[in-house]
Amino acid sequence: MIRLVTVVVPVHDEEDLLGACLASLDLAGRHLRLTHPKVALRVLAVLDRCTDASPRIARREGVTRLFVDHGNVGATRSAGVRAGLDQATGAGVPPDRVWVATTDGDSRVPLRWLTEMVDLADAGMDLVVGTVEPDDMADPLVRARWHAEHHLTEGHPHVHGANLGFRGSAYLAVGGFRQQAVHEDVELVERLRERTDRWIATDRTRVLTSGRAAGRARGGFADYLAGLAPALTPATAGLVPSSRWTASTHQGTMSRGRRWWSAGSRPTRPGSPMPKCP
């Protein structure tokens, strides 16, 4: 049974969105305490080269802060997970009783995010791969293409660092996040899936993330969204939903990154190995 949950949130200059992210984690933490009162929780904001008010926001929200100087999402996630597992060891909690959940500073988790993950972990899962949904894409053509390529459902084919959870012992067994500037999430999930069949791709933990168009790094999520528009056809444009997002999907992998990190997307068939992203 899980005794400790560590949430790792990599952050780089997210003063506009970090408050909402941490508020959503606070609500999810409160729900976890109601459903699993014996499970301890730690939220860790890993502040990478922040020059804005992000550190002050993290302090205001009462989460643990870890300052790093990487400029690299893989290294930043790795530092956060390592700090969380080191703290667990110091508290006498073995890695197989620790659940690590990762999201991003521009994302908002649902109320039952942590509760669902712990339930799945206690049922024997070593890895939970969740979905994300951009909440603010104004361009209807980009929104149409997104829906054409993303069906958010059980057994989906995507991998998102903004919605990922794994058992501490499984993470350590495969060597953890590698210091990659891109696709560190997809690469980790690929190694975890090669090691264990106790994993699930689920839409039950869907996270809302930013669909902003302005990014800071080549290959980032903003570049991915921008790349959707030129490929649209009149037929695809007809897929634009009339009002709000609809939800349904397939199974495999998509990697997304922060504004200053990067992301891409490619589905696989259920049970097939994760693809190598370009």
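Look up: the structure comes first, before these words.
Notes on the structure in this doc start here.

Rules used throughout
- Numbers given for residues are sequential positions, taken from 1 along each chain in its written order.
- Given that this is a predicted model, residues contribute local features only at a pLDDT of at least 70 and side-chain atom pairs are listed and counted only at 80 or more, while totals for whole chains, interfaces and linings are drawn from all residues.
- Excluding hydrogens and water, the side-chain values take into account all heavy atoms of the structure.
- Centres within 6.5 Å make a pair out of two Phe, Tyr or Trp rings, where for Trp the six-membered ring is used; the pair is then stacked when the planes are under 30 degrees apart, edge-to-face when over 60, and tilted otherwise.
- At least two DSSP bridges between two strands are required for those strands to pair.
- By the criteria applied, helices consist of DSSP H or I runs no shorter than four residues and strands consist of E runs no shorter than two, each listed in order from the N terminus.
- Should a side-chain nitrogen of Lys or Arg be within 4 Å of a carboxyl oxygen of Asp or Glu, the pair is scored as a salt bridge.
- Residue exposure (1.4 Å probe, protein chains only): buried if accessible area is under 20% of the type maximum, exposed if over 50%, otherwise partly exposed.
- Here the expected length of a helix is defined as 1.5 Å per residue gap, with one fewer gap than residues.
- Polar contact is the term for a pair of N or O atoms within 3.5 Å; when the atoms are in protein, one must be able to donate a hydrogen and the other to accept it, and sequence-neighboring residues count only if both atoms are side-chain atoms.
- Comment: axis = line fitted to C-alpha atoms, over the contacting stretch for helices; angle = value between 0 and 180 degrees taken between N-to-C directions.
- By the convention used here, residues are in contact when the closest approach between their heavy atoms is within 4.5 Å.
- Nonpolar cores are built from buried Ala, Val, Leu, Ile, Met, Phe, Trp, Tyr and Cys residues. Side-chain atoms within 4.5 Å join them into one set.

Before going further, it helps to examine the packing of aromatic side chains. Taken as a whole, this structure holds three aromatic pairs when the rule is applied. A connected cluster of aromatic rings, assembled from ring pairs, spans Phe166, Tyr171 and Phe177.

The pairing of strands in a sheet happens through backbone hydrogen bonds and is either parallel or antiparallel. With mixed pairing, the three strands of this open sheet are ordered in space as β5-β10-β7. A strand with exactly one partner marks an edge of an open sheet, and here the two such strands are β5 (107–108) and β7 (132–134). In the sheet, β7 pairs with strand β10 (residues 207–209) via three bridges, with the strands oriented parallel. Bridged to Glu133 within β10 is Leu208.

Attention shifts here to the pattern of salt bridges. For the coordinates displayed, the defined rule picks out 16 salt bridges. Put simply, Arg206 and Asp203 hold a salt bridge, and the shortest N to O gap is 2.7 Å. Relative accessible area serves as the criterion here: at 15%, Asp203 is assigned to the buried category. What emerges from the salt-bridge pattern is a single network uniting Arg112, Glu116, Asp119 and Arg204.

The next point concerns helix α3 (residues 73–90). Spacing of three or four residues puts side chains on the same side of an α-helix, whose turn is 3.6 residues. Here α3 is 18 residues long and its end C-alpha atoms lie 26 Å apart, about the 26 Å a rise of 1.5 Å per residue gives. Every buried residue of α3 is listed here: Val73, Gly74, Ala75, Thr76, Arg77, Ser78, Ala79, Gly80, Val81, Gly84, Leu85 and Ala88. A distance of 3.0 Å separates the backbone nitrogen of Gly74 from a side-chain oxygen at the start of α3, and that oxygen is part of Asn72.

Ordered by their spatial adjacency, seven strands build an open sheet running β3-β2-β1-β4-β8-β6-β9, and the pairing between neighbours is mixed. At either end of the open sheet lies a strand with only one pairing partner, and these are β3 (64–68) and β9 (199–201). With direction set aside, neighbouring strand axes in the sheet form an average angle of 15°. Two strands pair when backbone bridges link them, and strand β2 (residues 40–48) and β3 are joined in this way by five bridges, in the parallel orientation. Among the inter-strand pairings, Leu44 is bridged to a residue of β3, identified as Thr64. Contacting β1 (4–11), β2, β3, β4 (98–102) and β8 (164–167), α3 crosses the sheet at an angle of about 145° to β2. Its contacts with the sheet place helix α4 (residues 113–122) against β1, β2, β4, β6 (127–129), β8 and β9, and it is angled at close to 140° to β4.

Secondary-structure assignment places Val189 in helix α7 (residues 184–195). Val189 gets classed as buried once you look at its relative accessible area, which sits at 0%. For the pair Val189 and Phe166, spaced 23 residues apart in sequence, the C-alpha to C-alpha distance is 9.3 Å.

Val5, Val7, Leu25, Trp113 and Leu114 are the most contacted members of the largest nonpolar core, which has 33 residues in total. Listed by contribution, the elements that provide at least two residues to this core are β1, α1 (18–35), β2, α2 (54–60), β4 and α4. Not counting residues within four places of it along the chain, the set of residues in contact with Trp113 comprises Val7, Leu25, Ala101, Thr102, Thr103, Ala162, Asn163, Thr205 and Val207. Formed by 27 residues, the second largest nonpolar core is a distinct cluster that contains Val8, Val46, Val98 and Val100.

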